[in-house]
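Here is how the chains run, residue by residue.
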Amino acid sequence: MRPARALIDLQALRHNYRQARALGGGRALAVVKADAYGHGAIRCAQALQDEADGFAVACIEEALELRAAGIRGPILLLEGFFEAGELALIEEHGFWCVIHAQWQVDALERSTRSRPLKVWLKLDSGMHRVGLSALECAAAWRRLQAMPQVEVQVLMSHFARADELDHPYSGEQAAVFADLNARLRVETSLSNSPALLGWPQLRSDWARPGLMLYGANPFDRAHPLADALQPVMTLESRIISVRELPAGEPIGYGGRFVTAGPTRVGVVAMGYADGYPQNAPNGTEVAIDGRTGRLIGRVSMDMLTVDLTDHPAAGLGSRVELWGRQVRIGGLAAQCGGSAYQLLSGLKRTPREYSDA
Ligand SMILES: *Cc1c(COP(=O)(O)O)cnc(C)c1O
């Protein structure tokens, strides 16, 4: 069997969840959208089920998958319903529902329910993607409150730039939010991972950690709290071929790397079809049998090449970590001009193996 694996450490997931909730100071919904950022939503939700205050997903399809797997407790639909036809299923399964647009308020008003639907109302405090303006929000809250078929629970908003630790925008968004809530005085939900880690003063009742649950640093630099998280996924494979090349030989597609001297090259069964970044530059960090090494040559669909010249003990079958406990994904993403979000949720083909001890 091809040796590429994504090892998923569920203990680490629980550790990170506890950290997130402690930082938020209140309750925390574990965000497991996009198949738990590539980690497997069902297994991750099962591992967190006994302690998480609830889960959040992007759409009803993801929520139904969790319910079908036996996940009880609150599941929040972060974009609510995409069409009113979903409301019957939302009610049946007791999903919580974000309301972010006027048309959703209208659709709720026209609907009838046998038990009230739990609703979180979303304020656009500056992200300008979804959410109602402060003025619309106050009116919508009152309208929703008057509907017997609705129980409006929480006022929420989302940060656009919480990963930029020197930028004042998060504070400005929080001020817009606080201003509205000074009038409504209701339960609140604000913080995503970068806000929990980087803006601890911006508290709310319900945190919504995603990326940090998986142990990745959302910032483009080292950060003590983020770096103390435990990476949940280790992406690894093995060396399937070794060759010795003299100086001046190009390696792989496009000859992007040319050997400067005699070079021992290891071929690893991992490529961009697995989700490893195709644009990883020469010199990108890998770990070879636990020792720091480097990628050389362009990443292909199913294989990539590493420099074994300074790894005399490594050879056929040696284990290569592409990201995980040793090669931190935040640093890798920064080297490749992407984000940990993108790398993790882009995992493909590689089978996942779970450990919980
Ligand atoms: C994805 C998402 C989150 C989680 O964000 P992270 O940065 O991964 O912690 C929180 N809230 C909303 C509305 C989201 O869409």
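Residues numbered from 1 in each chain as written. Predicted model: local features only at pLDDT ≥ 70, side-chain atom pairs only at ≥ 80, totals over all residues. Heavy atoms only, no water.

> Honestly, empty space enclosed by the protein in this entry has me stumped. Any pointers?
This model, assessed by the stated rule, comprises one cavity of 30 Å³ or more. Taken as a whole, the largest cavity encloses approximately 50 Å³ of empty space. Looking at the largest cavity, the residues that line it are Leu 23, Gly 24, Ser 191, Ala 195, Leu 196, Trp 199, Pro 200, Leu 202, Arg 203, Ser 204 and Ala 207. Across the lining of the largest cavity, the residue classes tally to seven nonpolar, three polar and one charged. (1 Å grid on protein atoms, 1.4 Å probe; cavity = no way out; pocket = protein on both sides within 12 Å on 5 of 7 lines; lining within 4 Å. Points joined across faces, edges and corners; volume = space filled by probe spheres on them. Nonpolar A, V, L, I, M, F, W, Y, C, P; charged D, E, K, R; others polar.)

> Looking at this structure, how should I read the site of the ligand?
Taken together, 14 residues are adjacent to the ligand, and Lys 33, Tyr 37, Ser 193, Gly 210 and Tyr 341 come closest. A distance of 2.6 Å separates an oxygen atom of the ligand from a polar atom in the side chain of Tyr 37. One of the side-chain nitrogen or oxygen atoms of His 158 is found 3.5 Å away from a nitrogen atom of the ligand. Computed on the free molecule, the ligand has an accessible area of 390 Å², of which 93% lies beneath the protein chains in the complex. The pocket occupied by the ligand, as judged from atoms lying within 2 Å of grid points, is the largest pocket. Among the secondary structure elements, those contributing two or more residues to the shell around the ligand are helix H2 (33-37) and helix H9 (193-198). Among the residues making up the shell around the ligand, the classes are represented as seven nonpolar, four polar and three charged. (Near = heavy atom within 4 Å. Polar contact = N/O pair within 3.5 Å; in protein donor to acceptor, adjacent residues only side chain to side chain. Areas by Shrake-Rupley, 256 points an atom, 1.4 Å probe, with all protein chains shown as cover. Sits in = over half its atoms within 2 Å of the grid points. Helix = DSSP H or I, 4+ residues; strand = E, 2+ residues; numbered from the N terminus.)

> I would appreciate a short explanation of the pairing of strand E7 (residues 117-122) in the present structure.
Every regular strand shows the same layout, with side chains that alternate between the two sheet faces. Extensive coverage of E7 is indicated by the burial of five of its six residues. Summarising the sheet, strand E6 (residues 96-99) and E7 pair through three bridges and their orientation is parallel. By the bridge assignment for E7, Ile 99 is matched with Leu 121. In terms of strand pairing, E7 meets strand E8 (residues 150-156) through six bridges, oriented parallel. Following the sheet pairing, Trp 120 is matched in E8 by Val 154. In terms of handedness, the path from E7 via helix H7 (residues 134-145) over to E8 forms a crossover that is right-handed. (Buried < 20%, exposed > 50% of the residue type's maximum accessible area, 1.4 Å probe, protein only. Pairing = 2+ DSSP bridges. Right-handed = clockwise from strand over helix to strand, strands pointing away.)

> Would you mind showing me how to read the layout of surface pockets here?
Approximately 690 Å³ is the volume found for the largest pocket. If you go around the largest pocket, you meet 36 residues; those closest to its centre are Lys 33, Tyr 37, His 158, Asn 192 and Tyr 341. Elements that contribute at least two residues to the lining of the largest pocket include exactly H2, H9, helix H11 (329-335) and helix H12 (340-345). Its residues assigned to classes, the lining of the largest pocket shows 19 nonpolar, nine polar and eight charged. Both domains that meet at the lining of the largest pocket, namely domain 1 (10-216) and domain 2 (233-355), each give it at least three residues. (Domains from an automatic or database assignment.)

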